[in-house]
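Inside the fold
Single-letter residue listing:
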Amino acid sequence: MSLIVQKFGGTSVGSVERIREVSRRIARTRAAGHEVIAVVSAMSGETDRLLGLVRELAATPKRSEADVVVASGEQVTAALLALTLENGGVPARSFLGHQVRIVTDSDHTRARIRAIDGQRLLDTTRRGQVAVVAGFQGVDENGSITTLGRGGSDTTAVALAAATHADACEIYTDVAGVYTSDPRICPAARKLDRISYDEMLELASLGAKVLQIRSVEFAKRYGVRVHVRTSFGDELGTWVVPEEASMEEVTVSGITLDRDQAKITLPQVPDRPGVAAGLFRPIAGAGIIVDMIIQNVGTDGNTELTFTVPRSELGAALEIARSHCREIGAPEPLADGEIVKVSIVGLGMRSHAGVAARVFETLAHEAINIQMISTSESKISVAIDARYAELAVRALHHELVEKGATAA
Ligand code: ADP
Ligand code: ASP
Ligand code: MG
């Protein structure tokens, strides 16, 4: 008998009818001879609704209390699904994070899993029951509820699959698998049958929210077989697997869009050692993750420094930049919350020259101005005006994926 972890995202449990459908799927999986651990997200829109309530009542909410509020969304769906299963004759019981014992650090709203005890869930499935686990949540060493960051139910599922040595982890979502680009933005995007852990890591870290990046890190570390597929049918989706030699033949595996970007420019700072350190040390101290950085050397002993941060951190980062500029007698920093990052991703790019030039030509042809560029051996990212986000994704997909990236 094999053990399968099945994770159902927000849309997949978005209504009473969808929850019934999920319960029928689990019943079919059991009838086919498998034990099931189910992981559920909150009903679609629920996490945003709860966060909205929190923000309405507290502009800068205490993160530990915010976690208690948002974790409730998953609590509801876990129990509703367990009830529905029982009603359909399938023995089931629900588990919250602390009941499983998914222990995390205390970094509220973006906690990391430290340890998981799979034993209670295994005992449950061995007794013939379906264990239905509330995704996205854990408990810290003090017993406080924590959450794992947006999209965190994916990580709950993959981590549980690792902890219980499950045979596979199925991620049921509202698209048919992992595509060469977000199929909602780019209708020409193609579904991939397989993708390597490393490529999926790159896509996830650059904005393809179909899997939370930490879930892919877990999958890679523990060798979990992950199958991303639709909850609206039975067709096979995308397997996330170890790298295979043949994958290198595809130069570009996908185009991603990250809207969670904002830009800060310090137009004129002294060009001397310690200036960047004096800025980025307090920014890091505030827990703000800086993404792209560019610095242009000026001729008059000054330099222009530009960097990007997550949009939600723009206010806090700008405050720090302002006080830094005041300290060193530099002009006020400028903020721009209307940028996005578009990335061209592919492990195969490391052996192909000329991709960057085609990226820039394609954007120039659409009259899209590039504000920042950053590259690594497996990606090229550009920051552009948010208004051109979809146009850029479609144009780059057409040029580099549909035509084939190796065609000159
Ligand atoms: P769930 O609620 O099931 O966790 P998410 O909304 O978190 O679903 O993730 C699925 C969404 O990810 C899709 O609806 C799609 O718009 C988006 N997405 C972005 N990039 C990709 C991609 N490369 N392949 C598939 N889906 C993608
Ligand atoms: N409900 C959480 C969110 O919306 C977690 C998840 O769906 O994975 O981010
Ligand atoms: Mg998700």
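Residues numbered from 1 in each chain as written. Chains lettered and ligands numbered in written order. Predicted model: local features only at pLDDT ≥ 70, side-chain atom pairs only at ≥ 80, totals over all residues. Heavy atoms only, no water.

1. Let's talk about the side chain of Asp 258
Secondary-structure assignment places Asp 258 in strand E13 (residues 254-270). Buried charge Asp 258 goes without a salt bridge, the closest partner of opposite sign being Lys 341 at 4.6 Å. Within the structure, Asp 258 has its side chain in polar contact with the backbone nitrogen of Asp 260 (distance 2.9 Å). Residues in contact with Asp 258, not counting those within four places in the same chain, are Leu 206, Gly 207, Val 340 and Lys 341. (Helix = DSSP H or I, 4+ residues; strand = E, 2+ residues; numbered from the N terminus. Buried < 20%, exposed > 50% of the residue type's maximum accessible area, 1.4 Å probe, protein only. Lys, Arg positive; Asp, Glu negative; His and termini not counted. Salt bridge = Lys/Arg side-chain N within 4 Å of Asp/Glu carboxyl O. Polar contact = N/O pair within 3.5 Å; in protein donor to acceptor, adjacent residues only side chain to side chain. Contact = heavy atoms within 4.5 Å.)

2. Some details on the site of ligand 2
What surrounds ligand 2 is the set Ser 41, Thr 47, Glu 74, Phe 136, Arg 150, Gly 151, Gly 152 and Ser 153. Between ligand 2 and Gly 151 there is a distance of 2.9 Å, counted from an oxygen atom to a backbone nitrogen or oxygen. Note that an oxygen atom of ligand 2 is positioned 3.3 Å from one of the backbone N or O atoms of Gly 152. Coverage of ligand 2 by the protein amounts to 86% of the 260 Å² it exposes when considered alone. (Near = heavy atom within 4 Å. Areas by Shrake-Rupley, 256 points an atom, 1.4 Å probe, with all protein chains shown as cover.)

3. Things to note about the pattern of salt bridges
Counted under the stated rule, the structure contains 21 salt bridges. The salt bridge involving Glu 17 is made with Arg 24; its shortest N-O contact spans 2.9 Å. Residue Glu 17 is classed as partly exposed on the basis of its relative accessible area, which comes to 40%. For the salt bridge of Asp 198 with Lys 220, the shortest nitrogen-to-oxygen distance reads 2.7 Å. With Asp 198 in helix H8 (residues 197-205) and Lys 220 in helix H9 (residues 213-222), this residue pair connects regions lying 22 residues apart in the sequence. Since its relative accessible area comes to 27%, Asp 198 is described here as partly exposed. According to the relative accessible area criterion, Lys 220 is partly exposed, its value standing at 40%. Bridged by salt links that share partners, the residues Glu 17, Arg 20, Glu 21 and Arg 24 form one connected network.

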